Amino acid sequence: MKWLIASDIHGSAFYAQKLVEAIEREGAERVLLLGDLLYHGPRNDLPKDYQPKKVIDLLNAKKEKLLCVRGNCDTEVDQMVLEFPILSDYALICEEGVRIYASHGHKFSPQSLPPLVKGDVFLYGHTHIPAYETVGGCVCINPGSVSIPKEDSHHGYMIFENGCFFWKTLEGEIVREESVKTD
């Protein structure tokens, strides 16, 4: 199965539209959103074309493909307008022999991992910085941010397919590729 993984849209209709175009271009069967969908948050500047209502429409149109976890900027009010669940703190996914724990990253992080075992993958967003590191035998992976990348990173997402993670720009250019070994 081909997964598209993204985080931190923060209400940008411009970048949400580019993400929807990437979902179509990639032929992703499922989309995992790692939180912070509609609100920009008090520590971030307004992203380009900040229009949360338009982001609602764009995401609701893809609801059958979406799996989402709650970010620190997502609230119960957001759930009232989104037609897919967003309030779970984490999701557990077993795909292609890989055990994945997905969370936004504001409660758990590579410095404070959830209860994982060696070989598990921890997916998180929150920092807006793409990352790949091994901590305590677990692989910690961050796709970066769709709308507000930090530390000179790109606007982007990841693809997970055939045991590999691909970091891509919103235009589809591969930035990095990492294979995850299964037990």
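Bear in mind that the values here come from a model prediction, so they are computed numbers and not experimental data.

What follows covers the pattern of salt bridges. Evaluated as defined, the whole model comprises nine salt bridges. A salt bridge links Glu26 to Lys2, with the nearest nitrogen and oxygen atoms 3.1 Å apart. One end of the pair, Glu26, is in helix H1 (residues 13-26); the other, Lys2, is in the segment before strand S1 (3-6), with 24 residues separating them in the sequence. Look at Glu26 and you get buried, because its relative accessible area is 9%. Look at the salt bridges and you will find they share partners, linking Lys2, Glu26 and Lys168 into a network.

Below, the discussion takes up the environment of Val135. In this fold, Val135 is placed in strand S7 (residues 131-135). Beyond its immediate stretch of four places on either side in the chain, Val135 contacts Pro110, Leu113 and Cys140.

What follows concerns unusual backbone geometry. Here Glu96, not a glycine, exhibits a phi torsion of approximately 55°, which is positive. Mapped onto the elements of the fold, Glu96 is located in the loop between strand S4 (90-95) and strand S5 (98-103). Positive phi is not limited to glycine here, since His126 has a value of about 70°. Secondary-structure assignment places His126 in the loop between strand S6 (121-123) and S7. For His126, a relative accessible area of 22% gives the class partly exposed.

Conventions we followed
- Residues numbered from 1 in each chain as written.
- Predicted model: local features only at pLDDT ≥ 70, side-chain atom pairs only at ≥ 80, totals over all residues.
- Heavy atoms only, no water.
- Salt bridge = Lys/Arg side-chain N within 4 Å of Asp/Glu carboxyl O.
- Helix = DSSP H or I, 4+ residues; strand = E, 2+ residues; numbered from the N terminus.
- Buried < 20%, exposed > 50% of the residue type's maximum accessible area, 1.4 Å probe, protein only.
- Contact = heavy atoms within 4.5 Å.

Interpretation note: all reported values are geometric properties and have no functional meaning in isolation.
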